[in-house]
Amino acid sequence: MSTTKVVTGKKTRFSYANVFEAKAINEGGDPKFSVAVLIPKKDKITLAKIEAAVTAAIEEGKGKHFAGKTPPRAAINLPLRDGDEERPDDEAYAGHFFFNASSKTRPGIVDENRNQITDKEEFYSGCIGRASINFYAFNTNGNSGVAAGLNNLQKLEDGTRLSGGSSAEEDFADDDADDLS
């Protein structure tokens, strides 16, 4: 396995899941598949793997992207961010580190038995599972750092949907609603 590839732990949560159709993030940009990957802060094993992969990506990119030198971490963009600091008003990000991962090719998406998921309702923002990610160095238009490439996703369990809004089941759960007729 590559030193820049990471498979996350089993309690990873997914947000902003755009994994069935490629979309351009910026006007005129390349369409990509993408997802925000939320790692619980208590998942020390996955966080250590990510740290090692980011370090490996910096070393691999040293010649091509960083003029042959290892840049100070404070001087480049790093993928892993603190949800408590960057998204203090979003309870889904509380107690998590997160990063965004994207790819020009559609990720493989499977369930706990490794059966392919093709139903857009089955894999959604809020579900929990594992992600296969490849970290790589970049230097584009004076902006340099390490980014996360999206490989594959595995859904292991359902979670609270992060789409904001309620389901039809929730809206009509009250059998005692007033009948004005």
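Structure first, text after, so check above.
In this text the structure is predicted, and so the values were computed from the model without any measurement.

What counts as what
- Residues numbered from 1 in each chain as written.
- Predicted model: local features only at pLDDT ≥ 70, side-chain atom pairs only at ≥ 80, totals over all residues.
- Heavy atoms only, no water.
- Salt bridge = Lys/Arg side-chain N within 4 Å of Asp/Glu carboxyl O.
- Helix = DSSP H or I, 4+ residues; strand = E, 2+ residues; numbered from the N terminus.
- Buried < 20%, exposed > 50% of the residue type's maximum accessible area, 1.4 Å probe, protein only.
- Core = buried A, V, L, I, M, F, W, Y, C linked by side-chain atoms within 4.5 Å.
- Contact = heavy atoms within 4.5 Å.

Chemist: Just to check I follow, could you spell out the pattern of salt bridges for this structure?
Modeler: Pairing between side chains of opposite charge can happen when the charged atoms of each approach one another. Tallying each qualifying case throughout the model produces eleven salt bridges. Notably, a salt bridge pairs Glu-157 with Lys-11, separated by 2.9 Å at the nearest N-O pair. Here the residue Glu-157 occupies a position in strand S8 (residues 143–157), and Lys-11 occupies one in the loop between strand S1 (5–7) and strand S2 (12–24), the gap between them amounting to 146 residues. Exposure remark for Glu-157: the relative accessible area of 31% places this residue in the partly exposed category.

Chemist: Just checking my understanding: could you explain the nonpolar core for this structure?
Modeler: Val-19, Val-37, Phe-99, Phe-123, Ile-133, Phe-135 and Leu-153 are the most contacted members of the largest nonpolar core, which totals 30 residues. Broken down by secondary-structure element, the contributors of at least two residues to this core are S2, strand S3 (31–40), helix H1 (44–65), strand S5 (96–103), strand S7 (128–140) and S8. For this core, the leading source of residues is H1, giving six residues. Sequence-distant contacts of Ile-133, defined by excluding residues within four places in its chain, comprise Thr-4, Lys-5, Val-6, Val-37, Phe-99, Ala-101, Ala-148, Gly-149, Leu-150 and Asn-151. Core analysis: the second largest hydrophobic core is formed by five residues, Ala-36, Leu-38, Ala-92 and Tyr-93 among them.

Chemist: Where do I start with the side chain of Ser-15 in this structure?
Modeler: Relative to the helices and strands, Ser-15 resides in strand S2. In this structure Ser-15 comes out as buried when scored by relative accessible area, which is 4%. Discounting chain neighbours no more than four positions away, the residues touching Ser-15 are Val-35, Ala-36, Leu-38, Tyr-93, Ser-125 and Leu-162.

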